[in-house]
Amino acid sequence: MTRSEFDDIRAFLADETTQAGDLLSIARMLIDDLEHSRMREAILRTHYLRLLTSARATVAADAAHAPDPMAFLKHELAEHGQLPQGEETVQRVLADATTAAALLACLEESPQRHHRRGVRLRRCVSTGRTLPR
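Residues numbered from 1 in each chain as written. Predicted model: local features only at pLDDT ≥ 70, side-chain atom pairs only at ≥ 80, totals over all residues. Heavy atoms only, no water.

*Asks:* Pulling in residues and values, what's your account of unusual backbone geometry?
*Replies:* In this model, His65 sits at a positive phi of 55°, which is unusual for a non-glycine residue. Among the structural elements, His65 can be located in the loop between helix H2 (20-63) and helix H3 (71-79). (Helix = DSSP H or I, 4+ residues; strand = E, 2+ residues; numbered from the N terminus.)

This is how it looks when you write it as structure tokens:
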């Protein structure tokens, strides 16, 4: 849910002409969104833990001088269609990794900017959600 959708809901709730039935439909919609978000989070956590486990197994296999230490990581990446195929893809993945490392280094070097607290401009980012009327 975008920030503007939260703002729209807050404005709708603050409106004195809003009917109780409208509030009930918003509550149902928000519960559905929450359930969807929790399911998505659980799936992402599972993918992350599988990738982390395969990365750790790869490092452990390399330390133990196993014949194919990359087997764990290759299997996990292949299972999700993320294994680089072909020279062009390999070069693109390496370039992306190099760029990401450089960007992270820049973020760590530069001091964090403090955002001014002031009037927050309201802008509508999407029209994905409509409120009952």
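Continuing now.
*Asks:* Describe the packing of H2 against H3, naming the residues involved and giving the relevant values.
*Replies:* With their axes 7 Å apart at the nearest point, H2 and H3 run at an angle of 155° to one another. If you check the angle between H2 and H3, you find them roughly antiparallel. Within the contact between the two elements, H2 uses Arg50, Leu51, Ser54, Ala55, Ala57, Thr58 and Ala61 and H3 uses Phe72, Leu73, Glu76, Leu77 and Glu79. Of the residues in the contact of H2 with H3, the class split is 7 nonpolar, 2 polar and 3 charged. (Axes fitted to C-alpha atoms, helices over the stretch in contact; angles between N-to-C directions. Parallel < 35°, antiparallel > 145°, perpendicular 65-115°, else oblique. Contact = heavy atoms within 4.5 Å. Nonpolar A, V, L, I, M, F, W, Y, C, P; charged D, E, K, R; others polar.)

*Asks:* Please set out the packing of helix H1 (residues 3-14) against H2 residue by residue, giving values where relevant.
*Replies:* Close contact between H1 and H2 brings their axes to 11 Å; oriented N to C, the two are set at 155°. For the element pair H1 / H2, the angle class is roughly antiparallel. In this structure, H1 meets H2 at a crossing whose hand is left-handed. Between H1 and H2, the contacting residues are Ile9, Phe12 and Leu13 on the first element and Asp22, Leu23, Ile26 and Leu30 on the second. Looking at side-chain class alone, the contact of H1 with H2 contains 6 nonpolar, no polar and 1 charged residues. (Left-handed = near helix turned anticlockwise from the far one by under 90°.)

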